[in-house]
Amino acid sequence: MTSLRSQIVGYLPATIVPALMSFVSVYAFTRLLPAIEYGRYNIAFSGIMVAQAGCFYALQVGFLRFFPIAQRDGNVEGFVKSTYSAFFAVAGVASLLFLGAYVCVPARLMGGALALLSLVVFLLRSIVMFNQTANRAAGRMTRLNLIECLNSTASFVAGGILALSLRTSAEALLAGLALGALCSLLAYRWALVKAVAAIPVNRPLLSDIGRFAAPLALSFVVSSLLQNADRFLLGSLSGAATVGIYAVAVTLIDRPLTLICTAIHTASFPLMAHALEHEGAEVASTQMVRRGTLLMALTAPTCVGLASVSVAVTTVMVGSEFRAGVISL
């Protein structure tokens, strides 16, 4: 358990800083933006999350699972080249499908600028996300922390500046996300370097990863739809303003829990994959039991604590237009 504890502590900046930025964003953006614009932003961002889950989450899990094998076999460079090639191939197909749908659907329900910005954010954040998967697998803790902190901080600052100086709109917040992801890529250009490396793609390896990840892809997209479909349903029934109020309420509850779960998962999954490959299924199973025990021990009291201070937190954190609805939720 010592190794897991040290990993959790080591990754704390990558979990605490984005969580803090989420709270600061609620405080700032519920005062800068009307509820309808905050709702439009959340609908667009939920769509991005579903697209990322369907396109890349299974590939990320495959990367984490097979990376220890590449380390054992001394084939890390070829493994990274092959998986990044698969990533960019999927990203290209997803972009073409989106553009085809955009052209074919005459009514741009969310607005043309918001839709195209969503595609840009999807691509840039997905590259950053896959870079971070490579950092997790290789144990590059310092680099992962720096990129995660830079991405969340730059996204908030850029979104705030754009909302203040240009337009208090959903487009300003999405543009902030795109600029934050771009800053992260400029700070660490791992994906672009590996994508053009003169190393042949290992097709048998990609077949192995595909067989492993394919059953997970449907699971991830269904899970993401279950987590985000409420925004789409509310938007269609009650409008974007209702989505904005609902999203704030969810964020205030979700972020503390996500902080705990992400900290444990970020540290434990690579350890489990390494143990499975080098020490056997029994050791890996023991690590998973420890992770589950730790999750329950931390999340249960957190839920009780959040319930007891919900009104006070909402009063302090949320803008006046959102406050009454958030408290009732």
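Residues numbered from 1 in each chain as written. Predicted model: local features only at pLDDT ≥ 70, side-chain atom pairs only at ≥ 80, totals over all residues. Heavy atoms only, no water.

Glancing now at the packing of helix 10 (residues 240–278) against helix 11 (residues 281–317). In contact at an axis separation of 7 Å, helix 10 and helix 11 are set at 170° when each is read in the N-to-C sense. Of the possible angle classes, the one that applies to helix 10 and helix 11 is roughly antiparallel. Class assignment for the residues of the contact of helix 10 with helix 11 results in 23 nonpolar, 6 polar and 1 charged. (Axes fitted to C-alpha atoms, helices over the stretch in contact; angles between N-to-C directions. Helix = DSSP H or I, 4+ residues; strand = E, 2+ residues; numbered from the N terminus. Parallel < 35°, antiparallel > 145°, perpendicular 65-115°, else oblique. Nonpolar A, V, L, I, M, F, W, Y, C, P; charged D, E, K, R; others polar.)

Right, let's get into a nonpolar patch on the surface. A surface patch of nonpolar side chains, about 260 Å² in accessible area, is lined by Leu179, Leu182 and Leu186. Of the residues examined, Leu186 reaches a relative accessible area of 54% and is grouped as exposed. (Patch = residues over 30% accessible without salt bridge, like charges linked within 9 Å, V, L, I, M, F, W, Y side chains within 5 Å. Areas by Shrake-Rupley, 256 points an atom, 1.4 Å probe, with all protein chains shown as cover. Salt bridge = Lys/Arg side-chain N within 4 Å of Asp/Glu carboxyl O. Buried < 20%, exposed > 50% of the residue type's maximum accessible area, 1.4 Å probe, protein only.)

At a minimum axis distance of 9 Å, the contact between helix 11 and helix 12 (residues 320–328) shows a crossing angle of 165°. In this view, helix 11 runs roughly antiparallel relative to helix 12, as classed from their interaxial angle. The way helix 11 lies across helix 12 gives a crossing that is right-handed. Within the contact between the two elements, helix 11 uses Val311, Thr314 and Thr315 and helix 12 uses Arg323, Val326 and Ile327. Per-class residue counts for the contact of helix 11 with helix 12 are 3 nonpolar, 2 polar and 1 charged. (Left-handed = near helix turned anticlockwise from the far one by under 90°. Contact = heavy atoms within 4.5 Å.)

Take the pattern of salt bridges next. Applying the stated rule across the entire model yields 5 salt bridges. A salt bridge links Glu171 to Arg40; the nearest nitrogen and oxygen atoms lie 3.1 Å apart. Pair noted here: Glu171 is in helix 7 (residues 170–187) and Arg40 is in helix 3 (residues 35–73), with a separation of 131 residues, a long-range link. Across the pair, Arg40 and Glu171 agree in class, each one buried. Here Asp230 makes a salt bridge to Arg231, at a shortest N to O gap of 3.4 Å. Residues joined in a network through salt bridges with shared partners are Glu37, Arg40 and Glu171.

Glancing now at the nonpolar core. Counting residues in hydrophobic clusters, the biggest one holds 65 residues, and the most contacted among them are Tyr38, Phe63, Phe79, Leu174, Val248, Leu252 and Val318. Here this core gets 15 residues from one element, more than from any other, and that element is helix 3. If we ignore the near neighbours within four places in the chain, the residues touching Leu174 are Tyr41, Ala44, Ile48, Leu114, Leu117, Ser118 and Val121. Formed by 8 residues, the second largest nonpolar core is a distinct cluster that contains Ile8, Leu144, Ile260 and Ala263. (Core = buried A, V, L, I, M, F, W, Y, C linked by side-chain atoms within 4.5 Å.)

Attention now moves to helix 9 (residues 203–238). Under the 1.5 Å per step criterion, the end-to-end length of helix 9 is 48 Å for 36 residues, consistent within 8% with the ideal 52 Å. Along helix 9, the helix axis deviates most sharply at Asn228, where the bend reaches about 50°. Here helix 9 has its buried residues at Leu205, Ile209, Ala213, Ser224, Asn228 and Arg231. Measuring from the backbone nitrogen of Leu205 back to the side-chain oxygen at the start of helix 9 gives 3.0 Å, which picks out Asn202 as the cap. Phi for Gly239, located one or two positions after helix 9, is positive at around 95°. (Expected span 1.5 Å × (residues − 1). Bend = angle between axes of the 7 residues up to and from the residue. Polar contact = N/O pair within 3.5 Å; in protein donor to acceptor, adjacent residues only side chain to side chain.)

Turning our eyes to something else, we now look at the packing of aromatic side chains. By the definition in use, this model includes 16 aromatic pairs. Considering the side-chain rings of Tyr38 and Tyr41, the 6.1 Å spacing of their centres and the 50° angle between planes classify their relative orientation as tilted. Of this pair, Tyr38 and Tyr41 are both found in helix 3, 3 residues apart, which corresponds to roughly one turn of the helix. Among the residues examined, Tyr38 registers a relative accessible area of 5% and is labelled buried. Through pairs of rings, three or more aromatic residues link up here, namely Phe56, Phe63, Phe67, Phe79, Tyr84, Phe87, Phe88, Phe122 and Phe130. Across from the ring centre of Tyr27, 3.9 Å away, lies the NZ or CZ of Arg31, which sits over that ring. The aromatic ring of Phe66 is capped on one face by Arg65, whose charged end is 5.8 Å from the ring centroid. (Phe/Tyr/Trp six-rings, centres within 6.5 Å; stacked < 30°, edge-to-face > 60°. Lys NZ or Arg CZ within 6 Å of the ring centre and 35° of its normal.)

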